[in-house]
Amino acid sequence: MVTPSSEELNAQRSDFGLRLSNSMAKYGPLCVGIDPHRKLLADWGYNVDAEGAELFSMRMLQAASGCAAAVKFQTPMFERYGSKGFEALERVLYAARQMGVITIVDCLHGGLPTTISAIADAYFKPNSPMLADAITLLPYYGARSLNGLISEALDNGRGVFVASLTSNPEGMSLQTAIRQSGDYQGHTVAYGIAATAQKHNVDIEGMGSVGLIIGATIGQWIQDSGVDPSQFTGPILSPGYGWQGAEAKDLKTVFKGTRGNVLVTVSRFIASHGPDISALKQATESIALDVRQALYEAMNEGENKEKDGMGTNTANENASANSETAAVDSANVAQGDKPKGRLVVLTGPAGVGKGTVENAMRKKHPGVWLSVSATTRKPRPGEVNGVNYWFLTDQEFSAKENKGEFLETALVHGLARYGTPLKPVQEHLAEGVPTLLEIDLQGARRIKERAAELGVDVVYVFIAPPSFDELVRRLKGRGTESEAEVNKRLETAKVELAAENEFDVTIVNDNVDRAADELWSVIAREYGL
Ligand SMILES: Nc1nc2c(ncn2[C@@H]2O[C@H](COP(=O)(O)OP(=O)(O)O)[C@@H](O)[C@H]2O)c(=O)[nH]1
Ligand SMILES: Nc1ncnc2c1ncn2[C@@H]1O[C@H](COP(=O)(O)OP(=O)(O)O)[C@@H](O)[C@H]1O
């Protein structure tokens, strides 16, 4: 038998971390949770059995492929159907491998070393029936009880996520209990778990293969735990976003100063848009952008934070950033003496592709902040409150308007009211963050009138279609409006197209990537990036 060299062994042991960080660089920090809850199966019109769970999972997998860095399966949702449930999971894992999607099996195994070593045969070996890229582990027999199994995972190029800080209140009191003896005496239980996991990552260049699970909803508890996620150089899996109550601001609190190694799991929110595959994809893309933006801000928040404590290598030095552009943007945006760029106001007729171009640009440059408007119109399938718009009732909108909470408002297409919340725009501009508004012509004109009074400098950008016929084609092709609504939008479009010369820059959206690059070059010029 040929004994592998130490370089080969090291390459093997960092394989999962490397593959995951490459996938996160490509698709962003979203992990789609594939959890066939009984209620979801019934909502989708599937049988509540192993077959239903398999059909559900295959569809979620299809939606996640190309939109998310990884997928995660909760085993109890399959195990409840006994051997048929496990067969379903085996087939879904096989399909994911064929599609090249990274898989995490959330089985939360733990126990005595002799017993759990058998788990390696189930998940890590080349012929394992449920071969997965990583599994989740419970360390409550002692973090070191997992070392044998972790070594097996690493030797096979696989990874693990060790539960460290969960978000249920009882979990928190246990995890922040102070250790009475042993290596980490005087530290919390969670700290000892994180520090033990980190030991597997210290000699690895880039992101390690031994991860932690830290719930997004734990908020300020992170401080009581003594765990500093910015010091950890393996991947961090974070459930709890969306359905379970965590928001962008919670990600910022918990993951301050991290460097692209946080993977946020979203499950029920995405599944609630199914079974239509395009609605599932759209929901996945929306939430992926939202999560990416929040983590990008979290990364900048920790810029000048003191480093201490756990582990010898800082995440700053060791973990790979989630994308090269993110790293470049952060270097430029977060410098002490921030350039104060002008507010970028983007306008263009409905259906010209404003949303498409902005999304393409923000995928490459997550440091750009796009204001989220409020509207009284109904959400379209896949639209997410707080991500696409803040969806308000007429009364709620009027109340905010009366309190002066909007920078501008307008009645658009004579159908619904829209408004730009003032405070977040002021805050982002004050911090030197590239700030983009997408609003209609009336709103752009209103800002022109008020810019001096508000002390904001503005650059006005117009997105134009290659031709009117193409605009009609795109608007109809989008298929989200009735014929009457399309006609209303085309009437507005004629007025907006005639106002093109009121703008500082026109970008013709004939090709999404090219238009996105042009939009970025306007922003880059404004903010000196
Ligand atoms: N004035 C103003 N217009 C907005 C705001 N948010 C969105 N809009 C514009 O409202 C119009 C309608 O947007 P939307 O309902 O998303 O659908 P669309 O008509 O198909 O683009 C678009 O022209 C948007 O640019 C806002 O906060 N203020
Ligand atoms: N350059 C382009 N070429 C072809 N189709 C496009 C282009 N840009 C956008 N689209 C399509 O046009 C439709 C309208 O785009 P959307 O981003 O919703 O527009 P807006 O936000 O301006 O209302 C969508 O179906 C989108 O996929």
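Remember, predicted model here, so these are calculated numbers, not experimental data. (Residues numbered from 1 in each chain as written. Chains lettered and ligands numbered in written order. Predicted model: local features only at pLDDT ≥ 70, side-chain atom pairs only at ≥ 80, totals over all residues. Heavy atoms only, no water.)

## Observations regarding the sheet that holds strand E14 (residues 416-421)
- Spatial strand order, E12-E11-E14-E13: 4 strands in an open sheet with mixed pairing. Since the sheet does not close on itself, it has two edges, and those belong to strand E12 (390-391) and strand E13 (406-412), each with one partner.
- One ladder, built from 2 bridges, connects strand E11 (residues 374-375) with E14; its direction is antiparallel. In the sheet register, Ala 374 faces E14, and the bridge partner there is Gly 419.
- The sheet contacts of helix H20 (residues 422-430) involve E13 and E14, and relative to E14 the element is tilted by about 35°. (Pairing = 2+ DSSP bridges. Helix = DSSP H or I, 4+ residues; strand = E, 2+ residues; numbered from the N terminus. Contact = heavy atoms within 4.5 Å. Axes fitted to C-alpha atoms, helices over the stretch in contact; angles between N-to-C directions.)

## Some points on the pairing of strand E15 (residues 435-438)
- Of the strand pairs in this sheet, strand E9 (residues 343-347) and E15 are connected by 3 bridges, and their pairing is parallel. Of the residues in E15, the one forming a bridge with Val 344 is Leu 436.
- Inspection of the sheet shows strand E10 (residues 369-370) paired to E15 by 2 bridges, in the parallel sense. Counterpart to Leu 370 in the pairing with E15 is Leu 436.

## As for the UniProt feature "binding site: ATP" (unreviewed entry) in the chain
- Within the UniProt annotation, "binding site: ATP" (unreviewed entry) is assigned to Gly 348, Pro 349, Ala 350, Gly 351, Val 352, Gly 353, Lys 354 and Gly 355.
- Topologically, Gly 351 is positioned in the loop between E9 and helix H18 (354-364).
- The class for Gly 351 is buried, based on a relative accessible area of 14%.
- Setting aside chain neighbours within four positions, we find Gly 351 in contact with Leu 471, Arg 474, Leu 475 and Arg 478. (UniProt positions renumbered as here; feature names shortened; annotations may be inferred. Buried < 20%, exposed > 50% of the residue type's maximum accessible area, 1.4 Å probe, protein only.)

## A look at the nonpolar core
- Counting residues in hydrophobic clusters, the biggest one holds 84 residues, and the most contacted among them are Tyr 123 and Ile 214.
- Residues contacting Tyr 123, with those up to four places away along its chain left out, are Thr 75, Val 105, Cys 107, His 109, Ser 128, Met 130, Leu 131, Ala 132, Ile 135 and Arg 158.
- Within the second largest apolar cluster, 50 residues are counted, among which are Leu 407, Leu 429, Val 461 and Leu 475. (Core = buried A, V, L, I, M, F, W, Y, C linked by side-chain atoms within 4.5 Å.)

## Considerations on the sheet that holds E15
- Across the sheet, 5 strands lie side by side as E10-E15-E9-E16-E17; this open sheet has parallel pairing. For this open sheet the edge positions go to E10 and strand E17 (505-508), each flanked by a neighbour on one side alone.
- Against the sheet, helix H24 (residues 512-527) touches E9, E15, strand E16 (458-464) and E17, its axis set at about 155° to E17.

## So, the site of ligand 2
- Near ligand 2 lie 14 residues; those nearest to it are Gly 351, Lys 354, Thr 356, Arg 478 and Asn 509.
- Val 352 places a polar main-chain atom, nitrogen or oxygen, 3.4 Å from an oxygen atom of ligand 2.
- Here Thr 356 contributes a side-chain N or O atom positioned 2.5 Å from an oxygen atom of ligand 2.
- Mapped onto the shell around ligand 2, the elements with two or more residues apiece are H18 and helix H22 (468-478).
- Per element, the largest residue contribution to the shell around ligand 2 is 3 residues, and it comes from H18.
- When its residues are assigned to classes, the shell around ligand 2 shows 4 nonpolar, 6 polar and 4 charged. (Near = heavy atom within 4 Å. Polar contact = N/O pair within 3.5 Å; in protein donor to acceptor, adjacent residues only side chain to side chain. Nonpolar A, V, L, I, M, F, W, Y, C, P; charged D, E, K, R; others polar.)

## Quick notes on the site of ligand 1
- Not every one of the 20 residues close to ligand 1 is listed here, only the nearest: Arg 377, Tyr 389, Tyr 418, Glu 438 and Arg 478.
- Arg 478 places a side-chain nitrogen or oxygen 2.4 Å from an oxygen atom of ligand 1.
- The fraction of the free accessible surface of ligand 1 (570 Å²) that becomes covered by protein chains is 96%.
- Listing elements by their share of the shell around ligand 1, those giving two or more residues are E13 and E14.
- Partitioned by chemical class, the residues of the shell around ligand 1 number 6 nonpolar, 5 polar and 9 charged. (Areas by Shrake-Rupley, 256 points an atom, 1.4 Å probe, with all protein chains shown as cover.)

## Section: the packing of aromatic side chains
- On inspection of all chains with the given rule, the structure shows 9 aromatic pairs.
- Taking 6.1 Å as the distance between ring centres and 65° as the angle between the ring planes, the aromatic pair formed by Tyr 184 and Tyr 191 counts as edge-to-face. Taken individually, Tyr 184 and Tyr 191 each receive the classification buried, so the pair is uniform in this respect.
- Note on Phe 462 and Phe 503: the rings are 5.1 Å apart at their centroids and 50° apart in plane angle, and the pair reads as tilted. Residue Phe 462 is located in strand E16, and its partner Phe 503 is located in the loop between helix H23 (483-498) and E17; the two are separated by 41 residues in the primary sequence.
- Overall, the relative accessible area of 10% leaves Phe 503 in the buried class.
- The cationic tip of Lys 448 hangs over the ring face of Tyr 460; the distance from NZ or CZ to the ring centre is 4.6 Å. (Phe/Tyr/Trp six-rings, centres within 6.5 Å; stacked < 30°, edge-to-face > 60°. Lys NZ or Arg CZ within 6 Å of the ring centre and 35° of its normal.)

## Side note on the packing of H18 against H24
- Interaxial distance between H18 and H24 falls to 8 Å at its minimum, and their mutual angle equals 65°. When the axis of H18 is compared with that of H24, the two are roughly perpendicular. Considering only the axes of H18 and H24, their crossing is right-handed. Between H18 and H24, the residues in contact are Thr 356, Val 357, Glu 358, Ala 360, Met 361 and Lys 364 and Val 512, Ala 515, Ala 516, Asp 517, Leu 519, Trp 520 and Ile 523, respectively. (Parallel < 35°, antiparallel > 145°, perpendicular 65-115°, else oblique. Left-handed = near helix turned anticlockwise from the far one by under 90°.)

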